[in-house]
Amino acid sequence: MPLKKLFNRIESVRLENITKKYGEQFAVKDLNLEIRGGELLILIGRSGSGKTTAMRTINRLIEPDSGAVFINGTDVKEFDPVRLRRNIGYVIQNIGLLPHLRISENIGLLLKIEGLKEEEIRERVRDLLNRVSLPPESFMGRYPHELSGGQQQRVGLARAMALDPPLFLMDEPFGALDPLLRAQLQDEFSRIKKELGRTIVFVTHDINEAFRLGDRIAVMNNAELIQIGTPEELIFSPVNDLVAEIVDSKRKYRHIDTLKVGDMMQPIAREYTLNPGLSLESALDIMVRKGLEIAFVTEEAETSGRVHLNDILKARGKSKTLKEITRPLPFFSSETLLLEALAKLKSDGESMGLVLENNKLAGALFSDRIIQNLI
Ligand code: ADP
Ligand code: MG
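Residue indices follow the written sequence of each chain, beginning from 1 at its first position. Naming scheme: in the order in which they are written, chains are lettered from A and ligands are numbered from 1. Reporting of local features is limited, given that this is a predicted model, to residues whose pLDDT is at least 70; pairs of side-chain atoms are given and counted only at 80 or more, and all residues count toward the totals for whole chains, interfaces and linings. For the side-chain quantities, the full set of heavy atoms in the structure was used; hydrogens and water were omitted.

1. Here's the deal with the overall build of the protein chain
Part 1 of the argument: Helix and strand definitions follow DSSP, with helices as H or I runs of at least four residues and strands as E runs of at least two, each counted in order from the N terminus. Summing up its helical and strand segments, the protein chain has 16 helices and 17 strands in all.
Part 2 of the argument: Taking 375 residues into account, the globule formula puts the C-alpha radius of gyration at 21 Å, and the protein chain, at 22 Å, falls close to it.
Part 3 of the argument: Expressed as lengths along the three principal axes of its C-alpha atoms, the size of the protein chain is roughly 65 × 55 × 30 Å.
Part 4 of the argument: Across the 375 residues in the protein chain, those meeting the buried criterion constitute 50%.
Part 5 of the argument: Should any heavy atoms of two residues lie within 4.5 Å, those residues are considered in contact. For the protein chain, the share of sequence-separated contacts (at least 6 apart) that also reach a separation of at least 24 residues comes to 64%. Taken over C-alpha atoms, the radius of gyration is set against a globule rule of 2.2 Å times the number of residues to the power 0.38. The buried label applies to any residue whose accessible area, calculated with a 1.4 Å probe on protein chains only, is under 20% of its type's maximum; exposed applies above 50%, and partly exposed to all values in between.

The following block contains the structure:
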């Protein structure tokens, strides 16, 4: 790809003593923050606390009054701002697709500017659309207004990935979506994140989203950084009442560290299970009838997994069996510590796992439900 890469991988992004004022008011005050290569760092805090301002100093959409941002040790002021921005994926809530360009053109625009050939662009756009679960054949030719909000958001993500940047800045990217769609996009995003292994700064005001996606969470308030740490650190050692309130650590289950998977697993309802012997057509029929996007395929404990409606749609007519397109899920013993299981789910980019008792399938563990129940 002809794009001149400023950095192949991110070792660190360091914000040093960043201050930005508007009139007399601090938007960001003496902020020191280090993002480690490969992590997803959440910025969370009330509206107006300075999250967007802080994030935008990284790609120089905002120049701080004082302080500096270093990427891999180099002050970002040394980079040409346009070049810098092409090396950093940026996704915002209202993604601003160009209305008169087709989806393929919206995604391919920067590739064109970078001088890629038409065939290369088409190839890359297809690949990107597949990554965000939008079948290229049906989406490349459409215009933005023909897409739902969730689909447009996926296109925004694809566009941000077009030049394969090693760093992403995401400012409440799923904020405008309804909860169900949001959960689905969060899941897909976790998967993409895992595949890409990129460094990501992610702004949200939704603590569940923060716990679900974040490796570490930075809490901001009144233009200042209040605390930074893993979800567990914030829950068990909040530095003040504000952090405690944001993570709601005073509620029940203060003893999360003693809980086992068995305490939090849920039975797998027959409703959501498919027999692996079913034909794809029958599986599709059942899922459509029940309105399921995801179903469990259960057989012997070890060969169980889940199947997505999309996978079935893609595999139809290719003489595949349901078993072949079933995606494996992590397994846990009911005796595993809950925190260990949650960490494993997070590192796998999975939102659910299966639970075994005496080698038999006993239930499922859903990370978002645990977090909602616990916190
Ligand atoms: P957040 O993203 O956490 O909601 P922002 O970084 O957008 O917060 O804003 C921080 C503070 O700076 C707010 O009080 C906001 O009103 C103020 N602010 C942000 N941008 C501007 C601007 N362009 N002009 C004046 N004030 C601004
Ligand atoms: Mg903001």
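2. So, the site of ligand 1
Part 1 of the argument: Around ligand 1, the neighbouring residues are Tyr22, Gln25, Ala27, Arg46, Ser47, Gly48, Ser49, Gly50, Lys51, Thr52 and Thr53.
Part 2 of the argument: Ser49 places a polar main-chain atom, nitrogen or oxygen, 3.1 Å from an oxygen atom of ligand 1.
Part 3 of the argument: Residue-level accessible areas treat just the shown protein chains as cover; the underlying method is Shrake-Rupley with a 1.4 Å probe. Computed on the free molecule, ligand 1 has an accessible area of 550 Å², of which 61% lies beneath the protein chains in the complex.
Part 4 of the argument: For the shell around ligand 1, the secondary-structure elements that each account for two or more residues are strand S2 (25-36) and helix H1 (51-56).
Part 5 of the argument: Top contributing element to the shell around ligand 1 by residue count: H1, with three residues.
Part 6 of the argument: Looking at side-chain class alone, the shell around ligand 1 contains two nonpolar, seven polar and two charged residues. Here a residue counts as near a molecule or strand whenever at least one of its heavy atoms sits within 4 Å of it. By the criterion applied in these results, polar contacts are pairs of N or O atoms within 3.5 Å in which, for protein atoms, one can donate a hydrogen and the other can accept it, and in which residues neighboring in sequence qualify only through two side-chain atoms. Each residue gets one label: Ala, Val, Leu, Ile, Met, Phe, Trp, Tyr, Cys and Pro are nonpolar, Asp, Glu, Lys and Arg are charged, and the others, such as Gly, are polar.

3. Considering the sheet that holds strand S3 (residues 40-44)
Part 1 of the argument: A pair of strands is labelled paired if DSSP reports no fewer than 2 bridges between them. Taken in spatial order, the six strands of this open sheet run S6-S7-S8-S3-S9-S10, and their pairing is mixed. Two strands bound the open sheet, and with one partner strand each, they are strand S6 (88-92) and strand S10 (224-229). Here the average twist between neighbouring strands, direction ignored, is 15 degrees.
Part 2 of the argument: The sheet contact formed by S6 and strand S7 (residues 167-171) spans five bridges and is parallel. Bridge pairing in S7 places Gly89 opposite Phe168. Interaxial angles span 0 to 180 degrees and are taken between N-to-C directions of axes, which are lines fitted to C-alpha atoms, for helices over the stretch in contact.

4. Details of the environment of His205
Part 1 of the argument: You can see His205 is positioned in the loop between strand S8 (199-204) and helix H8 (207-213).
Part 2 of the argument: Residues His205 and Ile42, 163 residues apart in the sequence, show an inter-C-alpha distance of 9.5 Å.
Part 3 of the argument: Of the polar contacts made by the side chain of His205, one reaches the side chain of Glu172; its length is 2.9 Å.

5. Some thoughts on the sheet that holds strand S4 (residues 66-71)
In any sheet, the strands associate via hydrogen bonds between backbone groups, in a parallel or an antiparallel arrangement.
Part 1 of the argument: The strand order S2-S1-S4-S5 describes an open sheet built from four strands, whose pairing is antiparallel. Both outer strands of the open sheet, S2 and strand S5 (74-75), are each paired with one neighbouring strand and no more.
Part 2 of the argument: Sheet analysis places strand S1 (residues 12-22) next to S2, joined by eight bridges and oriented antiparallel. Paired with Ile18 across the bridge in S2 is Leu31.

6. Quick word on the side chain of Lys51
Part 1 of the argument: Counting through the fold element by element, Lys51 comes out in helix H1.
Part 2 of the argument: Here Asp and Glu are counted as negative and Lys and Arg as positive; His is not counted, and neither are the chain ends. When a carboxyl oxygen of Asp or Glu is within 4 Å of a side-chain nitrogen of Lys or Arg, the pair counts as a salt bridge. The charged side chain of Lys51 is buried without a salt bridge, its nearest counter-charge being Glu172 at 4.6 Å.
Part 3 of the argument: Here the side chain of Lys51 touches Arg46 through a polar contact of 2.9 Å, landing on its backbone oxygen.
Part 4 of the argument: Once residues within four sequence positions are removed from consideration, Lys51 is found in contact with Leu43, Ile44, Gly45, Arg46, Glu172, Val203, Thr204 and Met220.

7. Structural notes on the domain arrangement of the protein chain
Part 1 of the argument: For the domains described, the bounds stem from an automatic or database domain assignment. When the domains of the protein chain are assigned, the result is domain 1 (12-252) and domain 2 (256-373).
Part 2 of the argument: Between domain 1 and domain 2, the residue contacts involve 15 residues of the former and 16 residues of the latter.
Part 3 of the argument: Interface area for domain 1 against domain 2, summed over the two sides, is near 1300 Å², with a carbon-plus-sulfur share of 50%.
Part 4 of the argument: For the pair domain 1 and domain 2, the interface holds zero salt bridges. Defined in terms of a 1.4 Å probe, buried area is the accessible area two parts forfeit on being brought together, summed over both.

8. Quick look at the packing of aromatic side chains
Part 1 of the argument: Here is the rule: rings of Phe, Tyr and Trp (six-membered ring for Trp) pair when centre to centre is within 6.5 Å. Planes less than 30 degrees apart are stacked, more than 60 are edge-to-face, and the remainder are tilted. Evaluated as defined, the whole model comprises five aromatic pairs.
Part 2 of the argument: Pairing Phe174 with Phe202 gives two aromatic rings, centres 6.0 Å apart and planes at 55 degrees, and the pair type is tilted. Within this pair, whereas Phe174 is found in the loop between S7 and helix H7 (179-196), its partner Phe202 is found in strand S8, the two being separated by 28 residues in sequence.
Part 3 of the argument: Of the residues examined, Phe174 reaches a relative accessible area of 2% and is grouped as buried.
Part 4 of the argument: Taking the centre distance of 6.3 Å and the plane angle of 65 degrees together, the rings of Phe296 and Phe366 count as edge-to-face. Here Phe296 is found in strand S12 (residues 294-297), whereas its partner Phe366 is found in strand S17 (residues 360-366), with 70 residues between them in sequence.
Part 5 of the argument: The exposure class assigned to Phe366 is buried, which follows from its relative accessible area of 15%.
Part 6 of the argument: Each member of the aromatic cluster is reached from another via a ring pair, and the members are Phe174, Phe189 and Phe202.
Part 7 of the argument: The ring of Phe26 carries Lys21 above its face, with NZ or CZ at 4.8 Å from the centroid. Here, a charge over a ring is recorded when the distance from Lys NZ or Arg CZ to the ring centre is within 6 Å and its angle to the ring normal is within 35 degrees.

9. Thoughts on the packing of helix H6 (residues 149-161) against H7
Part 1 of the argument: Orientation of H6 relative to H7, taken along the N-to-C sense of each, is 15 degrees, at an axis distance of 11 Å. The angle between H6 and H7 places the two elements in the roughly parallel class. The crossing of H6 and H7 is right-handed. Here H6 contributes Gly150, Gln153, Arg154, Leu157 and Met161 to the contact with H7, which in turn contributes Leu181, Gln184, Leu185, Glu188, Phe189, Ile192 and Leu196.
Part 2 of the argument: Classifying every residue of the contact of H6 with H7 gives seven nonpolar, three polar and two charged. Note on terminology: angles under 35 degrees are roughly parallel, angles over 145 are roughly antiparallel, angles of 65 to 115 are roughly perpendicular, and the others are oblique. A crossing counts as left-handed when the near helix is turned anticlockwise from the far one by less than a right angle, and as right-handed when that turn is clockwise.

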